[in-house]
Amino acid sequence: MIKRAFFLIAAIGLTISASTQAANPAGTAIEQVADAIKNFYVYDQTTFAVGSLAVSMADKEADQLLSTLQADGSWPDIDYANQDRSAWPTARHGSRILQLVGAANRTAGSDRTRILAGVHRAFGFWIRHDFKCPNWWFNNIGVPKTFATAAVLMGSELLPAEKNYLLQTLMPRAKIGMTGQNRLWLAGNTLLAGIIANDPDQVQKAADVIWSEITVTTDEGLQPDDSYHQHGPQQQFGNYGLSFADEIVRWSGFLANTPFAMPAPKLAIFRSYLLNGLNWVVWRGAMDPGACDRQITPDCQRKKASGVSSAMAGFARIDTAHADDYHAFVARNKPGATNDLVGNHYFYRSDALFHRLPNLFLSLKMSSTRVVGTEIVNDENKLGYHAGDGMLLVQRTGEEYHDIFPLWDWKKLPGVTDAQTPLPQFSHTFVPVDFVGAASDGVHGVAAMNYDRDGVLARKAWFFGNEGVVALGAGITASVAAPVVTGVNTALLHEPVTGTGLPAGVSSRVLTPGFVEHDGLRYTFPISENVTLSTNRVTGNWKTIFNNAGTPKADVTGDIFSLNIDHGVHPAGETYAYEIGLAGEQPGSVIIQNTPKIQAVRFADGVIGIVFEAPGTFSQNDVSLAADQPCIVILDAAGKKLSAAEPTQKLKALTLIFNGARHLVSLPENGAAGSTVTMPL
């Protein structure tokens, strides 16, 4: 049994300003950084992530690892010949070395000697084989990061052969290059190599690159709207964007109070990403599935939300002036907490909208000629072809979609209108139209998407207000010989399901106009349409979504609530309308117009949202508004203010005539194109 040495543990101290620069000589600064890294991994963390693997630091597991370590330095349960690109099991060898090094740093005497002997044996096995994965990421980023971190924790215990392998063979693969989060990872690895080599110039150069990634760009990386792009113009909040937040927070702590610390101007940029970006995409401890994107894996929503909470809590110790804002995120995402972040937020660079009410969360994920909807990488997200086609998700508890994904019908995603044909193979997806966007006044949001995919055309619009969302579709036409369906919602079933004319059990047809209530939500259908409801037990398998060594093999079964609108085969000019709000509440919004040219809704508070699909005039009662270009407009209830956006992001100005008065709206350009302009009337 490993016994802990009795000595004082000085956890990493992060209660400083990131702009503070210590006057330490370079040599002692490197030692300070190495000590900070050691304190974090050895003492301050019980579980931490390196590469793509979570590493437990429990000492009892170190005993087990030593007992199973073979004479040649290998572990019998690791498949060293495995060639998986996503969850490469061979990388666990390095993670186990790191775990053992952590345990050695918490022990003394013969226990420490015994653990380090095992470390050197395992290290030697890797050096002799120098394993490589078909996925470059492990070879250049994941494995170098793990081994270099272990080496920093080993300090003077690192053997010459181990140091030579790191500095001459492994770490040169991690040379700084590429863009976005990949560049940040590589810079971090280069900095670790600089610590191992005791090279202050290399550490400084790598730190400069790390901080250079905290910049607003229209290329890959942090966007002007506080979203994050990687693999082209693609929203990556839960993947690369989460890793970016994690890495910046860590390096902020490791390098604080040294000459390598974060420059003061970078603080506000990163703060904005956390508080105006990631802050919006987590609800009651669960990340929005659309923000998780291709990494739809078991418990992904909870794990990724936990990662955001860790980043927020960590940066609260750096950006102390705004610590309350970061702590508020952590507090509101604890079980049973009250949601105190409400409003409407549209990420115009990512075609993504988030609407938060005190007890309701809605997200809308679109794509366009400018924005990639989703991707398949390393056999992940194999069914997500339509995930960026106007997917509208709604949550109250944060549990509505927990691990539902093997049970989803991915041809009937919530919010999406598509033909029920086999899903094609794809690498990345987008909707090949320009008119995709939204206007937001911070409380209300109006989004529109001129849908054109695989022979299906539709004018889709969503109106987000204080009661929920009104979803409209017009001009639904299809040339493909297959049923066309608009998904309303598919979620985990929680009995009972009630509504207009529904029997006690499974129903295949909903009486419309009417409503359905389920799990605290009300779905209202104000017009006659073919709405179908199913409450079935469904069996699926995670391998249909992603397939690697870590994919669960067993089938999963669950009871599913699915509500859809069937437009039939070859629809021509069809429409749909529905509203989602809280159960027991009568809808207060009124649909004013739903045509291929104008879609308009008056919210319960009197605010009017209008989508002009073409130049035209909207009029109702004492309100008249004409637009000379396609656009989206929100009129306040008093007629004193309007908010407008131009979804194609191509125009410099548009003219609006409100009740006879002409208003020239100068539109944002470049990185702000597509954002909302608010002006008095």
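This one's a predicted model, so the numbers in the text were calculated from it and none came from an experiment. (Residues numbered from 1 in each chain as written. Predicted model: local features only at pLDDT ≥ 70, side-chain atom pairs only at ≥ 80, totals over all residues. Heavy atoms only, no water.)

K.L.:
I'd like a rundown of the confidence of the model for the protein, residues and numbers included.
P.N.:
Caution applies to low-pLDDT regions: their predicted coordinates should not be interpreted in detail. Residues with a pLDDT of 70 or more make up 93% of the protein, whose mean pLDDT is 92. Note that residues 1-23 has pLDDT below 50 and, in this model, 58 contacts with residues that lie over four places away or in other chains. (pLDDT = per-residue confidence, 0-100. Contact = heavy atoms within 4.5 Å.)

K.L.:
Give me the lowdown on the packing of aromatic side chains, citing residues and values where you can.
P.N.:
A complete count under the given rule lists 34 aromatic pairs for this structure. Where Trp137 meets Phe138, the ring centres are 5.3 Å apart and the plane angle is 85°; that geometry is what we call edge-to-face. In this structure Trp137 comes out as buried when scored by relative accessible area, which is 12%. Residue classification places Phe138 among the buried positions, given a relative accessible area of 3%. Members of the aromatic cluster, joined through ring pairs, are Tyr80, Trp88, Phe123, Phe125, Trp126, Phe131, Trp137, Phe138, Phe147, Trp185 and Tyr240. The ring of Tyr385 carries the charged tip of Arg453 above its face, separated from the ring centre by 4.5 Å. A cation sits over an aromatic face here: Arg522 above Phe515, 3.8 Å from the ring centre. (Phe/Tyr/Trp six-rings, centres within 6.5 Å; stacked < 30°, edge-to-face > 60°. Buried < 20%, exposed > 50% of the residue type's maximum accessible area, 1.4 Å probe, protein only. Lys NZ or Arg CZ within 6 Å of the ring centre and 35° of its normal.)

K.L.:
Can you break down the nonpolar core residue by residue, with the values?
P.N.:
Counting residues in hydrophobic clusters, the biggest one holds 172 residues, and the most contacted among them are Ile37, Phe270, Tyr273, Phe405, Trp462 and Leu563. Here this core takes 11 residues from helix 5 (residues 136-154), the largest share from any one element. In this structure, Phe405 is in contact with Pro289, Ile296, Cys300, Gln301, Trp410, Trp542 and Ile545, ignoring residues within four places of it in sequence. (Core = buried A, V, L, I, M, F, W, Y, C linked by side-chain atoms within 4.5 Å. Helix = DSSP H or I, 4+ residues; strand = E, 2+ residues; numbered from the N terminus.)

K.L.:
Any details on the packing of helix 12 (residues 300-316) against helix 13 (residues 323-332)? Residues and values, ideally.
P.N.:
The geometry of helix 12 relative to helix 13 is characterised by a closest axis approach of 8 Å and an angle of 160° between their N-to-C directions. Viewed along their axes, helix 12 and helix 13 adopt a mutual orientation that is roughly antiparallel. As helix 12 packs across helix 13, the resulting crossing turns out to be left-handed. Side by side, helix 12 and helix 13 meet where Ala305, Val308, Ser309, Met312, Ala313, Phe315 and Ala316 of the first sit next to Ala323, Tyr326, His327, Phe329 and Val330 of the second. (Axes fitted to C-alpha atoms, helices over the stretch in contact; angles between N-to-C directions. Parallel < 35°, antiparallel > 145°, perpendicular 65-115°, else oblique. Left-handed = near helix turned anticlockwise from the far one by under 90°.)

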